[in-house]
Amino acid sequence: MLPITRGIYNALSLIARSPQNRYALHTASALQCKAVAAEAEAETAAEDVEQDAAAEQKLDANDRTKVIPVETSMRYLKSAAYKQTYGDDFVWVQYRRNHKGMFAPRKTRKTCIRQGKISTGNPCPICRDEYLVLDHRNTDLIKQFISPQSGQVLSYSKTGLCQKSHFKLLVAVERARDYGLLTYDVPFREYDYSEYYGKTEETAPKKP
Amino acid sequence: MSFLRYLRKINTQLQLPTRLERQFSNAGTKSAILQYEKDPQPQFTDTETQRLLQSMTQMQLDKVFRKRTVPDNDNEIKFMTTEQLENEFVKMIEKAKHQLQMPPVVKVKQDTERIISKDPALKDFQNTKFVFTDITYGLRQSDRKVVVRDVDGTLSYAPLETQKRMNQLYFPLKGRTFHTPRMFSEQEYLQRCLDDHKYEFVLDRLTVQYEPYELDFHQISAQVFQHLNESKEFDQLRSTRHFGPMAFFYAWHHCIDDLLYDMIRRDYLQNAVELIALSYKLHNVPVEFRKTISELDALQPTPEKRALNQLLSSLKSKEEHEGIQQEIQTAIGKAESDFAADEISLKFIEAYIASEHALKKVQLELAVQTLKEINLEKLQLYHGLKKAHGMHAS
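Numbering of residues begins from 1 in every chain and follows the order in which that chain's sequence is written. Labels follow written order: the first chain is A, the first ligand is 1, and so on. pLDDT decides what is reported in this predicted model: residues at 70 or higher carry local features, side-chain atom pairs at 80 or more are listed and counted, and totals for whole chains, interfaces and linings draw on all residues regardless. Only heavy atoms go into the side-chain values, all of them from the structure, while hydrogens and water stay out.

Just give me the short version of the confidence of the model for chain A, but keep the residues and values in it.
All names here are of chain A. Looking at chain A as a whole, the pLDDT averages 79, with 66% of positions reaching at least 70. Per-residue confidence from the predictor is reported as pLDDT, a score between 0 and 100. Note on contacts: a residue pair is in contact if any heavy atoms of the two residues lie within 4.5 Å. Note on residues 18–38: pLDDT under 50 across the span, and four contacts to partners over four residues away in sequence or across chains. Confidence drops under a pLDDT of 50 for residues 200–208, and excluding neighbours within four residues, the segment shows 15 contacts in the predicted structure.

If you want it as structure tokens, here you go:
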């Protein structure tokens, strides 16, 4: 007998816990409330929904488990939202590091994101905006981190990137150069003509 | 001579598939890509050809010495006397000439197997090949001896690819990588670079990555030039080291018309004449062009002289009379000798258009016509201004 009764109890509890049922209960209470004051209830319900969404968003703000595709990031960099956020500046220009005393530690922090969450109050310029994805295709973003004078990647002491982001940046730059997406000034190659024209030099007159 | 032994394991199993792959990819694109069917080197290194190419390249110092984004680009500021400055200008021109050194145009070098000795006694001594490289200091790349001891005991000279890699290993060339950049190895990325008009970048990188006698060098440069011929962005390469080989390529393959049109449109008539002369010369067309060229040379300075004059003109103290003449010339952009040179070159170009060698006759004729009208207007203005300033209309 015991197993059978237990089975029935389980089934009943499942039904009771199922969302449809809960919804039914919720609606029942709502109906009850409606009898008292229909308008007031509607307002509070709306507030409830808003509060829920806000709570979820608050959770999400530090969450970095969602992978943003590069294409989205590339579109973002051209969007009005980006323009509004950063204006004409590069993404790292407005960033300031927090540190004790007059001088910042020589190295930036190892990473801003631990266990899929932002673990710091002042995440680096790349980590703070989840739509900035470092990738070799995202040349608009990479170009902001390359010095217009020397053509080298800017140091993290200037840009404030965390070590992990900086490494990703170096990889992305190297890849972009390999793919030819990022142009740079190639070192000048000097040719020793005699190496190529060699023995025919005597027969054909050489360049003056 | 220190003949040092260095062991390099060559993973033949890894290399073979990549080589095959490349050969296949070449076969696929070969049909569209133009190639030099015989050795172009004697024609290219010919003194007259070189002079024509150098003149066509021009020397725009702003472009040659543009600010490069390289780690060591610092400026030095000095106080100098006028004499010192003039000497410095001459040095600058020399430096610019060096910067414009053209990459050699040579035929594709075929890889031949050259066996030194066969020693069956050494068979299966090791299950890898041994590569021996002579790393004596100061040898030229082509003189450096690289030999390979095969697994079956054969000692032979290394193939070109191994030789290049060994050279890069012991004497690295700045900017060259061991693996081929994906920009060159994968067609779609190269195509994207070309579609973005990054011609100079692609060609610069090509010169660094490849040797001029390699097949890939020929194919990629041909592809770039052909793409350039379609997009007509010739001005990007003007006054860079790649302009000469480009013009030579077009002249060799009978497709100078687009470049010619561009030159006429930009009022580089002397260059247009030189281009036509070059194509006549390469294909042994029985048209006398040397007289026209020498006439033009007498009238107009060489690119180096022109650049030097431009530099020196910033120093000159202007005299009253010359000052006005100079002013008129700069306002119009042409001097009397230029008008005379234009007349000669236009005659030559029109003769070319009328001949059977020109392919895009209508377009070229129109360009010439427009240029003539503009020139006439300028000439009238020139004479008018001269008269107004009370100078003799010579």
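Outline the state of the cysteines, listing residues and values.
Residues and elements named next belong to chain A. Cysteine sulfur atoms that pair up within 2.5 Å are treated as a disulfide. A full pass over the atoms with the stated rule returns zero disulfides over all chains. The closest cysteine sulfur to the non-disulfide-bonded Cys-112 is located on Cys-162, 3.7 Å from its own sulfur. Cys-112 sits in the buried class, given a relative accessible area of 0%. Categorising residues by exposure relies on relative accessible area from a 1.4 Å probe, with only protein chains included: less than 20% of the type maximum marks a residue as buried, more than 50% marks it as exposed, and the intermediate range marks it as partly exposed.

Describe a positive patch on the surface, listing the residues and the values that go with them.
In this analysis, a patch consists of residues with relative accessible area above 30% that form no salt bridge, clustered at 9 Å for like charges and at 5 Å for the nonpolar side chains Val, Leu, Ile, Met, Phe, Trp and Tyr. Using the Shrake-Rupley algorithm and a 1.4 Å probe, accessible areas are obtained, with residue cover drawn only from the displayed protein chains. For salt bridges, the criterion is a side-chain nitrogen of Lys or Arg within 4 Å of an Asp or Glu carboxyl oxygen. Positive charges come from Lys and Arg alone, negative charges from Asp and Glu alone, with His and the N- and C-terminal ends not counted. Each charge is placed at NZ for Lys, CZ for Arg, CG for Asp and CD for Glu. Among the surface-exposed residues, Lys-107, Lys-110, Arg-114, Lys-164 and Lys-168 of chain A lie close enough to one another that they form a single positively charged patch. Helix and strand definitions follow DSSP, with helices as H or I runs of at least four residues and strands as E runs of at least two, each counted in order from the N terminus. Relative to the elements of secondary structure, Lys-107 of chain A occurs in the loop between helix 5 (80–86) and strand 1 (113–114).

Can you tell me about the packing of helix 13 (residues 269–282) of chain B against helix 17 (residues 336–354) of chain B, naming the residues and giving the values?
Residue and element names in this part refer to chain B. Relative orientation of the contacting elements helix 13 and helix 17 amounts to 40°, with a least axis distance of 9 Å. The angle between the axes of helix 13 and helix 17 places the two elements in the oblique class. For the pair helix 13 and helix 17, the crossing hand works out as left-handed. Listed contacts from helix 17 to Leu-269, Ala-272, Val-273, Ile-276, Ala-277 and Tyr-280 of helix 13 are Asp-342, Ser-345, Leu-346, Phe-348, Ile-349 and Tyr-352. The residue classification treats Ala, Val, Leu, Ile, Met, Phe, Trp, Tyr, Cys and Pro as nonpolar and Asp, Glu, Lys and Arg as charged. All others, Gly included, are polar. Among the residues forming the contact of helix 13 with helix 17, the class breakdown is ten nonpolar, one polar and one charged. Note on definitions: angles span 0 to 180 degrees between N-to-C directions of axes, and those axes are lines fitted to C-alpha atoms, for helices only across the stretch in contact. Roughly parallel here means an angle under 35 degrees, roughly antiparallel means over 145, roughly perpendicular means 65 to 115, and every remaining angle is called oblique. Crossings are sorted by hand: turned counterclockwise from the far helix by less than a right angle, the near helix makes the crossing left-handed, and turned clockwise it makes it right-handed.

Explain helix 11 (residues 243–252) of chain B residue by residue, including any values.
Residues and elements named next belong to chain B. Buried residues dominate helix 11, accounting for ten of its ten residues. Considered for burial, the residues of helix 11 that qualify are Phe-243, Gly-244, Pro-245, Met-246, Ala-247, Phe-248, Phe-249, Tyr-250, Ala-251 and Trp-252. On the buried face of helix 11, the contacting elements are helix 2 (41–45), helix 3 (47–57), helix 10 (215–231), helix 12 (257–265) and helix 13.

Account for helix 14 (residues 290–299) of chain B, with residues named and values stated.
All names here are of chain B. Buried residues of helix 14: Thr-292, Ile-293 and Leu-296, and no others. Mapping the buried residues of helix 14 onto a view down its axis gives an arc of 100°, with all of them on the same face. Away from its buried face, by an angle of more than 90 degrees, helix 14 presents the exposed residues Lys-291 and Ala-298. Looking at the buried side of helix 14, the elements it contacts are helix 3, helix 13 and helix 17. Working definition: the arc comes from the directions between the helix axis and the C-beta atoms, pointing outward to the latter.

Help me get a handle on the nonpolar core, residues and values and all.
Each nonpolar core is a collection of buried residues, namely Ala, Val, Leu, Ile, Met, Phe, Trp, Tyr and Cys, held together in the definition by side-chain atoms within 4.5 Å. Core analysis: the largest hydrophobic core is formed by 72 residues, its most contacted members being Met-56, Met-246, Tyr-250, Leu-259, Ile-264, Ile-349 and Tyr-352 of chain B. Among the elements that line this core, the one with the most residues is helix 13 of chain B, at nine residues. Ile-349 of chain B has contacts with Ile-264, Leu-269, Ala-272, Val-273, Ile-276 and Val-368 of chain B, leaving out every residue within four places of it along the chain. One finds Tyr-76, Tyr-82, Leu-141 and Cys-162 of chain A within the second-largest nonpolar core, a separate group that totals 27 residues.

Kindly report on the pattern of salt bridges, identifying the contributing residues and their values.
Residues and elements named next belong to chain B. Applying the stated criterion across every chain yields a total of 32 salt bridges over all chains. Across the salt bridge formed by Lys-334 and Asp-267, the nearest N and O atoms sit 3.0 Å from each other. Residue Lys-334 is found in the loop between helix 16 (320–332) and helix 17, and its partner Asp-267 is found in the loop between helix 12 and helix 13; the two are separated by 67 residues along the sequence. On the basis of relative accessible area, Lys-334 is assigned to the buried category, the value being 7%. A cluster of three or more residues bridged by salt bridges with shared partners is formed by Asp-235, Arg-238, Asp-262, Arg-265 and Arg-266.

Could you give an account of the pairing of strand 2 (residues 130–133) of chain B, with specific residues and numbers?
Residue and element names in this part refer to chain B. Judged by which residues are buried, strand 2 turns out to be covered on both faces: Phe-130 and Phe-132 on one side and Val-131 and Thr-133 on the other are all buried. Across four bridges, strand 2 lies against strand 3 (residues 146–149) in antiparallel orientation. Looking across to strand 3, one finds that Val-131 is bridged to Val-148. Here a strand pair is declared whenever DSSP counts at least two bridges between the two strands.

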